[in-house]
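Structural overview for review
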Amino acid sequence: IFASSRLFFVGARNGHMPKLMAFLNITQLTPVPCLIILGLITLSMLTTSNVFVLINYASFVESTFITLSVGALLYLRYKEPERNRPIKVNLVLPILFFLLCSILVCVPIFTQPWDVGFGLVIVASGIPVYFLFCRFKKPAWLQNIFWSLECTVQKLCIALEEETGEEEEATVGQSKNASDEKGDAPELERLHQD
């Protein structure tokens, strides 16, 4: 829950999830709204009587996305070999990892197709949520509802949006301009009198 909450937070900060998940608690600097949402999701998962089915759903979906990510990295390593990379490892390790993840994805397709299908339906259910909350231009009445919800979440969780580097630079620039204007005022008055 703790690691996934940071993933949700970063996704919301980048506009891939609802904005209310991009809030940090002002004292602990933790994504409290994400922790609460993930806690509720976890509690809903406890309603199943067969924990092995739940493990199959989660492991298949996680292995699929890990396989796709590692495959994309291997593809980029092949297509753009001269690209600057902060960490370089021997290709044997990522290829071996990709093969093992591929096995974890392919075997359940044949041995437990219903579980795999249900896991894919769960993932696909996120697509309409993404379009509703993040992609489409919302009507004014819906924006007002989301704004009210975001304000309520901020008050309940004592949380705010993280400041970006651009916002910090703008704040510093505004305060510098204000101090420059105050500092130049006596000099401008002196020049005007001359």
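Remember, predicted model here, so these are calculated numbers, not experimental data.

This brings us to the overall build of the protein chain. Helices and strands together make up the secondary structure of the protein chain, namely eight helices and two strands. The helix and strand sequence of the protein chain, counted from the amino end, reads α-β-α-α-α-α-α-α-β-α. Across the 194 residues that make up the protein chain, the buried fraction comes to 22%. By sequence separation, contacts in the protein chain at least 24 residues apart represent 65% of the contacts at least 6 residues apart. By element, 67% of the accessible surface of the protein chain is carried by carbon and sulfur atoms, the whole surface being about 14,800 Å².

Glancing now at the confidence of the model for the protein chain. For the protein chain, the mean per-residue pLDDT works out to 79, and 83% of the residues sit at or above 70. For the protein chain, per-element mean pLDDT is lowest for helix α8 (residues 165-193), which scores 48, and highest for helix α4 (residues 92-111), which scores 90. Within the model, pLDDT remains below 50 along residues 175-192, and this stretch shows zero contacts once partners closer than five positions in the same chain are excluded.

Okay, the pattern of salt bridges next. Tallied over the full model, the rule gives three salt bridges. Of the charged contacts, one joins Glu162 and Arg13 as a salt bridge, the two residues approaching to 2.6 Å between their closest N and O atoms. Pair noted here: Glu162 is in the loop between β2 (159-161) and α8 and Arg13 is in helix α1 (residues 2-13), with a separation of 149 residues, a long-range link. Take Arg13: its relative accessible area is 39%, and that puts it in the partly exposed class. The residue Glu80 makes a salt bridge to Arg83 at a minimum N-O spacing of 2.8 Å. On the accessibility criterion, Arg83 (47% relative accessible area) is partly exposed.

What follows is about the packing of aromatic side chains. All chains considered together, the criterion is met by one aromatic pair. Here Tyr130 and Phe131 contribute two aromatic rings whose centre-to-centre distance is 5.4 Å and whose plane-to-plane angle is 70°, an arrangement assigned as edge-to-face.

So, on to the nonpolar core. Membership of the largest hydrophobic core is limited to 12 residues, which are Phe9, Ala12, Leu20, Met21, Ala22, Phe23, Leu24, Val32, Cys34, Val153, Cys157 and Ala159. Mapped onto this core, the elements with two or more residues apiece are α1, β1 (23-25), α2 (32-45) and α7 (140-157). Beyond its immediate stretch of four places on either side in the chain, Phe23 contacts Phe9, Thr30, Pro31, Val32, Pro33, Glu150, Val153, Gln154, Ala159, Leu160 and Glu161.

Mapped onto the elements of the fold, Val123 is located in helix α5 (residues 113-124). Other than its neighbours up to four places away in sequence, Val123 contacts Val61 and Phe65.

What counts and how
- Residues numbered from 1 in each chain as written.
- Predicted model: local features only at pLDDT ≥ 70, side-chain atom pairs only at ≥ 80, totals over all residues.
- Heavy atoms only, no water.
- Helix = DSSP H or I, 4+ residues; strand = E, 2+ residues; numbered from the N terminus.
- Buried < 20%, exposed > 50% of the residue type's maximum accessible area, 1.4 Å probe, protein only.
- Contact = heavy atoms within 4.5 Å.
- Areas by Shrake-Rupley, 256 points an atom, 1.4 Å probe, with all protein chains shown as cover.
- pLDDT = per-residue confidence, 0-100.
- Salt bridge = Lys/Arg side-chain N within 4 Å of Asp/Glu carboxyl O.
- Phe/Tyr/Trp six-rings, centres within 6.5 Å; stacked < 30°, edge-to-face > 60°.
- Core = buried A, V, L, I, M, F, W, Y, C linked by side-chain atoms within 4.5 Å.

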